[in-house]
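Topology and contacts: notes
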Amino acid sequence: MIPFLELRPSDHALRHGLDEAYNRVMSSGWYILGPETTSFEEEFADYCGTKHCIGVANGLDALELILRAYEIGAGDEVIVPSNTYIASWLAVSAVGAIPIPVEPHIETAEISPGLILPALTPRTKAVMAVHLYGQTAAMTQIADLCRDRSIPLIEDAAQAHGATWLGRKAGSLGDAAAFSFYPTKNLGCFGDGGAVTTNNSAIADKIRLLRNYGSRKKYFNEIKGSNSRLDELQAALLRVKLRHLDQWNKRRAELAARYTTGLRNIHGLTLPAVAAGAMPCWHLFTVWTTQRDALQEHLRGAGVETLIHYPVPPHLSDAYKDEHWPAGSFPIAEAIARETLSLPIGPFMSDTDVDFVINAIRRNVPQTI
Ligand SMILES: *Cc1c(COP(=O)(O)O)cnc(C)c1O
């Protein structure tokens, strides 16, 4: 059985570091907003190449707090990709703003810069670029467009820890970025966690307030904040894992290259396209085929676990049924939802296992694709 992703830290060195971090927090007796969170924030800001990092409770909160920091709310419009994890949209809805979907580029599945321009209105208050599957969106064009209009560019970097665009890291490509440390992400903690990165000191300061009841000084509340903090234990454990992130991403890239070579020239099977300028962190390795369900079933039979990211585009989900976007509104997002299949990938996967998956697909070609 080849699992989609192995999460147990099999590496002995990592295990030792995690035990040490756990013991450090336990013996400190300090669990919320302390030295581990501060150190992780400095280390992650450093990693992303930004001035600030603010640890928060999860990726959705990170997005929502960014929108609140920019005072985006009722009646405002925010551009989002039509194909994304629903969290990108939910953050916009949570502040009372309206998600305005824009279709992706058909080959990369990343939001199409050319389609953002016609979607802008006087009510557009931000563009949210999602680095889906670990590949950055076409950030140069999108950043130019946002600069011309003086609207903030927000990155949903929840799948993009370590991905780069023209050599610069995700998290540093817009005005503010949201990360998630959900366990299955490239940098994941042992529970929920998230962060905001930004070079904007005023926004950083506001998010620090918002995540902690609007208070800088205990029991003195400057604004109506919420409780969304990354805790000391998760921060300490993340600090250990952060030191391995580049090496894990490198391994993911090797596996992606192996899949790409092994699955080349199969009629009816489209492999992920990487745009010039992008260096993905390969959060997911997604293939497309009109025979997706049959291929998934065949792989299940062969002992290969695959997943679908995502089976329902946000506009067709029940959560957005009142917004009246009928089927056919966003044909590219809908085609992706029908045809995409994510193959197993992860830093601890062996070459042998990738070859097994490749051979299982190749054996099945005449029947399904
Ligand atoms: C995981 C994810 C989120 C949300 O992160 P959580 O920590 O689960 O709240 C947001 N956007 C994208 C694209 C994601 O993949």
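Refer to the structure presented above.
Counting restarts for each chain, with residues numbered from 1 along the sequence as it is written. In keeping with the model being predicted, local features are shown solely for residues with a pLDDT of at least 70 and side-chain atom pairs are shown and tallied solely at 80 or more, while totals for entire chains, interfaces and linings include all residues. To obtain the side-chain values, all non-hydrogen atoms of the structure were used and water was disregarded.

1. Quick word on the sheet that holds strand 5 (residues 153-156)
A pair of strands is considered paired only if DSSP assigns at least 2 bridges between the two. In this text, helices come from DSSP runs of H or I with a minimum length of four residues, and strands from runs of E with a minimum of two, each type numbered from the N-terminal end. An order of 1-9-8-5-4-2-3 is seen for the seven strands of this open sheet, with the pairing classed as mixed. Each end of this open sheet is capped by a strand with a single partner; those strands are strand 1 (52-56) and strand 3 (98-102). Neighbour-to-neighbour, the strand axes of the sheet open up by a mean angle of 25 degrees, direction not taken into account. The pairing of strand 2 (residues 77-81) with strand 4 (residues 124-130) spans three bridges and is classified as parallel. Directly across from Glu77, in strand 4, lies its bridge partner Thr124. Any two residues whose heavy atoms approach within 4.5 Å at even a single point are treated as in contact. Axis lines are fitted to C-alpha atoms, over the contacting stretch for helices. Their N-to-C directions set the angle, which ranges from 0 to 180 degrees. Each of strand 1, strand 2, strand 4, strand 5, strand 8 (176-180) and strand 9 (194-198) is contacted by helix 3 (residues 59-69), which is oriented at about 165 degrees to strand 8, the strand it contacts most. Seen against the sheet, helix 7 (residues 201-210) touches strand 1 and strand 9 and runs at an angle of roughly 20 degrees to strand 1.

2. Here we look at the nonpolar core
We define the nonpolar core as a collection of buried residues of types Ala, Val, Leu, Ile, Met, Phe, Trp, Tyr and Cys that are connected through side-chain atoms lying within 4.5 Å of one another. The buried label goes to any residue with under 20% of its type's maximum accessible area, the exposed label to any with over 50%, and the partly exposed label to all in between, with areas taken from a 1.4 Å probe on protein chains only. Residues Leu67, Val78, Met128 and Ile207 are the most contacted members of the largest nonpolar core, which totals 27 residues. Broken down by secondary-structure element, the contributors of at least two residues to this core are strand 1, helix 3, strand 2, helix 4 (87-94), strand 4, strand 8 and helix 7. Ranked by the residues each element gives to this core, the list is headed by helix 3, at six residues. Beyond its immediate stretch of four places on either side in the chain, Ile207 contacts Ile54, Leu65, Ile66, Ala69 and Val196. One finds Leu269, Leu341, Ile345 and Val354 within the second-largest nonpolar core, a separate group that totals 23 residues.

3. Things to note about the site of the ligand
Taken together, Asn58, Gly59, Leu60, Tyr85, Ala87, Val130, Asp156, Ala158, Gln159, Ser180 and Lys185 form the complete shell of residues around the ligand. The contact in question runs from a nitrogen atom of the ligand to an N or O atom on the side chain of Asp156, over 2.7 Å. Side-chain atoms alone can form a polar contact between residues adjacent in sequence; in general such a contact is a pair of N or O atoms within 3.5 Å, and within protein one must be able to donate a hydrogen while the other accepts it. At 2.7 Å from an oxygen atom of the ligand is found a side-chain nitrogen or oxygen belonging to Lys185. Protein contact buries 91% of the 380 Å² of open area that the ligand shows by itself. Distances are taken per atom, and a residue is near a molecule or strand as soon as one of its heavy atoms is within 4 Å of it. Note on areas: Shrake-Rupley, 1.4 Å probe, and residue coverage restricted to the protein chains presented here.

4. Some details on helix 4
Within helix 4, burial applies to Ala87, Ser88, Trp89, Ala91 and Val92. Buried positions along helix 4 lie against helix 3, strand 2, strand 3, strand 4 and strand 5. Backbone geometry just downstream of helix 4 places Gly96 in the positive-phi region, at approximately 90 degrees.

5. Let's talk about unusual backbone geometry
In the segment running from His309 into Tyr310, the intervening peptide bond is cis, with an omega of 10 degrees. Mapped onto the elements, Tyr310 comes out in the loop between helix 10 (292-301) and helix 11 (331-339). Positive phi, normally seen in glycine, also occurs at His324, with a value near 60 degrees. Within the secondary structure layout, His324 lies in the loop between helix 10 and helix 11.

6. Quick word on the pattern of salt bridges
Whenever Lys or Arg places a side-chain nitrogen within 4 Å of a carboxyl oxygen from Asp or Glu, that contact is recorded as a salt bridge. For the structure on display, the rule yields 17 salt bridges. The closest approach of N and O atoms between Arg258 and Asp351, which form a salt bridge, is 3.6 Å. With Arg258 in helix 9 (residues 245-262) and Asp351 in helix 12 (residues 351-368), this pair connects stretches of sequence that are 93 residues apart. Several salt bridges converge on common partners, so that one network encompasses Arg251, Glu254, Arg258, Asp351 and Asp355.

7. Some remarks on a nonpolar patch on the surface
Taken together, Tyr22, Met26, Tyr31 and Ile32 make up a surface patch of nonpolar side chains, about 370 Å² in accessible area. With respect to the helices and strands, the residue Tyr22 is situated in helix 1 (residues 12-28). Of the residues examined, Tyr22 reaches a relative accessible area of 41% and is grouped as partly exposed. Patch membership needs two things, relative accessible area over 30% and no salt bridge, and members are linked within 9 Å if like-charged or within 5 Å if nonpolar (Val, Leu, Ile, Met, Phe, Trp, Tyr).

8. Re the pairing of strand 1
Burial analysis of strand 1 places five of its five residues in the buried class, which makes it a mostly covered element. Burial of strand 1 is two-sided: the residues His52, Ile54 and Val56 facing one way and the residues Cys53 and Gly55 facing the other way are all buried. Pairing between strand 1 and strand 9: five bridges, direction antiparallel. Each bridged residue has a counterpart across the sheet, and for His52 the counterpart in strand 9 is Thr198.

9. A closer look at the sheet that holds strand 12 (residues 278-279)
In spatial order, the strands read 7-6-12; together these three strands make up an open sheet with antiparallel pairing. The sheet is open, and its two edges are formed by strand 7 (168-169) and strand 12, each paired on a single side.

10. Brief notes about the state of the cysteines
Throughout, a disulfide means two cysteine sulfur atoms within 2.5 Å of one another. Within this structure, the stated rule accounts for zero disulfides. For Cys48, which is in no disulfide, the shortest distance to another cysteine sulfur is to Cys53 and amounts to 7.0 Å. By relative accessible area, which is 4% here, Cys48 ends up buried. Of all cysteine sulfurs in the structure, the one in Cys48 sits closest to Cys281, which takes part in no disulfide; the separation is 11 Å.

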